[in-house]
Number of protein chains: 4
Amino acid sequence: MTSDSRPLSRAERKKQELRGEIINAAFDCFADLGYHAAGISDIAARLGIGHGTFYRYFQNKRDIVDHVIDDLVTRIMTALTAENAPDAVSTLDAYRAQTERIGDSLARIFADDPRVPRLLLLEAAGIDKAMADRVLEFLNTATALTAAYLSHGVELGYLRPDLDVENTARAINGMIMAGALASLDAPTADQQRQFSEAVRRLMYDGIAAHL
Amino acid sequence: MTSDSRPLSRAERKKQELRGEIINAAFDCFADLGYHAAGISDIAARLGIGHGTFYRYFQNKRDIVDHVIDDLVTRIMTALTAENAPDAVSTLDAYRAQTERIGDSLARIFADDPRVPRLLLLEAAGIDKAMADRVLEFLNTATALTAAYLSHGVELGYLRPDLDVENTARAINGMIMAGALASLDAPTADQQRQFSEAVRRLMYDGIAAHL
Amino acid sequence: MTSDSRPLSRAERKKQELRGEIINAAFDCFADLGYHAAGISDIAARLGIGHGTFYRYFQNKRDIVDHVIDDLVTRIMTALTAENAPDAVSTLDAYRAQTERIGDSLARIFADDPRVPRLLLLEAAGIDKAMADRVLEFLNTATALTAAYLSHGVELGYLRPDLDVENTARAINGMIMAGALASLDAPTADQQRQFSEAVRRLMYDGIAAHL
Amino acid sequence: MTSDSRPLSRAERKKQELRGEIINAAFDCFADLGYHAAGISDIAARLGIGHGTFYRYFQNKRDIVDHVIDDLVTRIMTALTAENAPDAVSTLDAYRAQTERIGDSLARIFADDPRVPRLLLLEAAGIDKAMADRVLEFLNTATALTAAYLSHGVELGYLRPDLDVENTARAINGMIMAGALASLDAPTADQQRQFSEAVRRLMYDGIAAHL
DNA sequence: CATGAATGAGTATTCATTCAT
DNA sequence: CATGAATGAATACTCATTCAT
């Protein structure tokens, strides 16, 4: 099975490796300088390769930023879904624990490298109409995922039966975005956790007093 | 009364008028084409003026986008504060009504011209490091404002005494952002209202079932 | 006689006055900033007039610089000729005294306002092919004048009969130029006089020892 | 020996070659059109290269003119010093012969390519304050060199002991400048030689009659 | 396959000049 | 007649992309 992909070994592996390194270098450059200010030569220089080489791995500047964003989106979507399928829980407490795990997971990503939210939420949309659409689409996808969690909860009865699933999901995602943006100024894991907790309190207890 | 400001009349008034028109045209261009894709000539062409004229009113391309953003920020901050001072209410119901008014106000702005949230939330941050900072700063200011509302509520006892005011404010603003972004895809006033309602339900009732 | 030029009086006099002031202001600007760096608005601003007014007095930027240079050339040619006609002297001593007077006269001009030699010798030729020609023409005129002095001396026998009048005149003018340029670095009247003296010693005694 | 500098060979040599050609083309353009009238595209067009290529070799327009002037200055200073060290002679006759050689050398440069003195003496100073300073500095350097020759002569006793070395050197250089400028109108080698001779007669015999 | 020299499309900006007020 | 708002020609410079070596 895997044997027929082996012949590419030596060379092909090197190639894939460099390709990955270019994506990482591009990520660094775009995050540090901004997409428009970063040049192909900056990316190449960071790797010590000729900038002509870049074009052996990617069509053009616009091409690579797509791959960079792909990377980020994948990283985040993985955190959101990994071992936390929407239908994995069946009680409110379990759900709350699940959301906490997801929150922590995201917090770790954002705190680990604030350039991730910076690129995704600040830089990306300014690149292009197309990229702005991609960002919105990503948010919609994330919303759909959140909505799936909520739907499951409504179906199983541990969430309000009259919950406006779609809009609530959107609102929850907005809070996550706010957390991500907050991590740009104060990327403390602690601060992240507190924000996460505040969101959960909001979701489960509301803001009103006695009730 | 107004007579002493009249001397500037004729010419000066025309000048201010054109200045405003340039800001509007620039807003249109940046929203339609994106900051980087929009040229000074696009702005000038839209007004039927020579592009040299532009430079009589603004230092350079970077200069005007600041004014455009100023406009948007002012428009939004006005909506957030006008006749809705943080200390204007003293009961939960009144507060809820107040948040509803504010939400409607924002919804109107976003629905009226979806280019406002598009430029502010998608385009602006990608222009520049400096502009990205301005956007974050704007969000922080908005958060501080929301926090003031919440603080007032905690002090008067109609909001949870253990409310994490700062982070909750941030979370609420995140939801507003999500609403603004949603208005890009579906700028229906109706949809806005529903989202707004979902947020309020979330804030006051939480998402859990029985409770 | 003069009565028929009077009607223009009031207005016309004012006009000529302003015209002169514009020339002076232009001289200042061109000397301070250089012809290319100086703008019409700089000239107008220096006089506190609108820059549109400039065009009521001069065709264009190129036009006025001609007038400015005219001024300088006239000032210098006047010094070179005033009460010092080529045929005014008839002995070597008298000639030497004459050259000394002329030298002093020039030294005074250059020391008074180093911007005169700067504009004429450094700035002017770089403006234009046409202006470069004018500068060369001016030098040629000055050379012709000097040659006239020398011719007179040869004819009257107090200068070498085999003097290469033309080339010697050119050489002498070169020394004057050198003096003018030197005045840019050290515009001391004293230094000017010493240079002047060195030139005269060279002209009359040569540089060799015994002789 | 030269083998270890060879590695740069192929490509590097081509590069240096093109660099030199650009300098020459720039020299042509600046001399023909004047610095301000000449565009980068003129330089590139003259070589049949893309104007972007220019910027691979020089920072900007101002950068290259410095190199062009460097070239000229070097060419002239070389002629002034090559095999003609100030202390190479010890008698008046030998000195006179030396000055003749130097004069011839310069005459050849100026007659060969009148664009050299044109650019250096007419065009350059009008470019910039900085370039005007460079020109003056160049003249000062040349003066210092001439002064060294004269000092040597005074010390060895074949030049007047009371010679004002500094100012005489300046005066002599002024005559050279005049010769250079004269070559613009009549770049005949013959005319140059005559001028040169007139200067030497002036320096050694003065202008006065019998004496 | 890596390289980097060559390229030129694209654009912000300046400033002399005009002309309506 | 003075003014300065409007104008647009003119140009230096950048950088993504190509392709010969």
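Here, the structure is the one placed above.
Since this is a predicted model, take the numbers as computed values, not measurements.

Procedures and definitions
- Residues numbered from 1 in each chain as written.
- Chains lettered and ligands numbered in written order.
- Predicted model: local features only at pLDDT ≥ 70, side-chain atom pairs only at ≥ 80, totals over all residues.
- Heavy atoms only, no water.
- Helix = DSSP H or I, 4+ residues; strand = E, 2+ residues; numbered from the N terminus.
- Buried < 20%, exposed > 50% of the residue type's maximum accessible area, 1.4 Å probe, protein only.
- Contact = heavy atoms within 4.5 Å.
- Areas by Shrake-Rupley, 256 points an atom, 1.4 Å probe, with all protein chains shown as cover.
- Lys, Arg positive; Asp, Glu negative; His and termini not counted.
- Charge placed at Lys NZ, Arg CZ, Asp CG, Glu CD.
- Least-squares fit on C-alpha atoms with pLDDT ≥ 70 in both.
- Axes fitted to C-alpha atoms, helices over the stretch in contact; angles between N-to-C directions.
- Parallel < 35°, antiparallel > 145°, perpendicular 65-115°, else oblique.
- Left-handed = near helix turned anticlockwise from the far one by under 90°.
- Nonpolar A, V, L, I, M, F, W, Y, C, P; charged D, E, K, R; others polar.
- Near = heavy atom within 4 Å.
- Polar contact = N/O pair within 3.5 Å; in protein donor to acceptor, adjacent residues only side chain to side chain.
- Buried area = accessible area lost by both parts, 1.4 Å probe.
- Salt bridge = Lys/Arg side-chain N within 4 Å of Asp/Glu carboxyl O.

Participant: Looking at this structure, how should I read the overall build of chain A?
Facilitator: Secondary structure assignment for chain A yields 9 helices and 0 strands. When the helices and strands of chain A are listed from N to C terminus, the series reads α-α-α-α-α-α-α-α-α. Principal axes of the C-alpha set define a box for chain A whose edges measure 65 × 45 × 30 Å. Across the 211 residues of chain A, 50% fall into the buried class. Excluding contacts between residues fewer than 6 apart, the proportion of contacts in chain A whose partners are at least 24 apart in sequence is 68%. A total accessible area of about 9800 Å² is found for chain A, and carbon and sulfur atoms account for 51% of it. Side chains of chain A give 23 positive and 30 negative charges; the mean places of these two sets differ by 6 Å.

Participant: Where do I start with the relation of the copies chain B and chain A in this structure?
Facilitator: To go from the first copy of the chain to the second, apply a rotation about an axis and then a shift along the same axis. Mapping chain B onto chain A calls for a screw motion: a turn of 179° about the axis and a shift of 0.0 Å along it, with 0.2 Å RMSD after fitting. In the structure described here, the two chain copies are related by an operation that fits a two-fold rotation axis.

Participant: Explain the packing of helix H8 (residues 165–185) of chain C against helix H9 (residues 189–205) of chain D to me, please; I cannot follow it from the model alone.
Facilitator: Relative placement of two packed helices is described by the angle separating their axes and the distance separating the axes. Close contact between H8(C) and H9(D) brings their axes to 9 Å; oriented N to C, the two are set at 70°. By the angle between their axes, H8(C) is roughly perpendicular relative to H9(D). Helix-helix and strand crossings are classified by hand; for H8(C) and H9(D) the assignment is right-handed. Of the residues in H9(D), those in contact with Asn167(C), Thr168(C), Arg170(C), Ala171(C) and Met175(C) of H8(C) are Gln191(D), Gln194(D), Phe195(D), Ala198(D), Val199(D) and Leu202(D). Tallied by class, residues from the contact of H8(C) with H9(D) come to 6 nonpolar, 4 polar and 1 charged.

Participant: How do you make sense of helix H6 (residues 115–123) of chain B when you look at a structure like this?
Facilitator: One full turn of an α-helix is made of 3.6 residues, so residues set three or four places apart face in the same direction. H6(B) sits mainly inside the fold: 8 of its 9 residues count as buried. What H6(B) keeps buried is the set Val116(B), Pro117(B), Arg118(B), Leu119(B), Leu120(B), Leu121(B), Leu122(B) and Glu123(B).

Participant: Sorry, what's going on with the protein's contact with DNA strand F here?
Facilitator: Near DNA strand F you find 31 residues, and of these Lys61(A), Thr53(B), Arg56(B), Tyr57(B) and Thr53(C) are the closest. When the atoms of DNA strand F within 4 Å of the protein are grouped by moiety, sugar and phosphate amount to 60% of the total. Within the backbone of Ile40(A), one N or O atom sits 3.1 Å away from a phosphate oxygen of DNA strand F. Within the backbone of Lys61(D), one N or O atom sits 3.0 Å away from a phosphate oxygen of DNA strand F. Elements represented by at least two residues in the surface near DNA strand F include exactly helix H3 (51–57) of chain A, helix H1 (9–33) and helix H3 (51–57) of chain B, helix H3 (51–57) of chain C together with helix H3 (51–57) of chain D. For the surface near DNA strand F, the per-class residue count stands at 11 nonpolar, 14 polar and 6 charged.

Participant: Just to check I follow, could you spell out the protein's contact with DNA strand E for this structure?
Facilitator: Within the structure, DNA strand E sits among 31 residues, and Thr53(A), His51(D), Thr53(D), Arg56(D) and Tyr57(D) are positioned closest to it. The sugar-phosphate portion of DNA strand E accounts for 61% of its atoms within 4 Å of the protein, the bases making up the rest. A distance of 2.9 Å separates a base nitrogen of DNA strand E from a polar atom in the side chain of Arg56(A). Thr53(D) is positioned such that a nitrogen or oxygen atom in its side chain is 2.6 Å from a phosphate oxygen of DNA strand E. Of all the secondary structure elements, the ones that give two or more residues to the surface near DNA strand E are H3 of chain A, H3 of chain B, H3 of chain C together with helix H1 (9–33) and H3 of chain D. Residue classes in the surface near DNA strand E are distributed as 11 nonpolar, 14 polar and 6 charged.

Participant: It is not clear to me how the interface of chain C and chain D should be interpreted in this structure. Could you clarify?
Facilitator: Size of an interface, as often reported, equals the accessible area lost when the parts are brought together. Tallying the contact residues gives 53 residues for chain C and 51 residues for chain D. With both chains or domains summed, chain C and chain D bury close to 4400 Å², and 62% of this area falls on carbon and sulfur atoms. Our enumeration of links across chain C and chain D arrives at 2 salt bridges. Arg201(D) is paired through a salt bridge with Asp162(C); the nearest N and O atoms lie 3.0 Å apart. On the surface where chain C and chain D come into contact, there are 14 residue pairs in polar contact (both at pLDDT 80 or more). Only helix H1 (9–33), helix H5 (92–112), helix H6 (115–123), helix H7 (129–156), H8 and helix H9 (189–205) of chain C provide two or more residues apiece to the side of chain C that touches chain D. Among the elements that line the side of chain C that touches chain D, the one with the most residues is H8(C), at 12 residues. When the residues that make up the side of chain C that touches chain D are grouped by side-chain class, the tally is 31 nonpolar, 11 polar and 11 charged.

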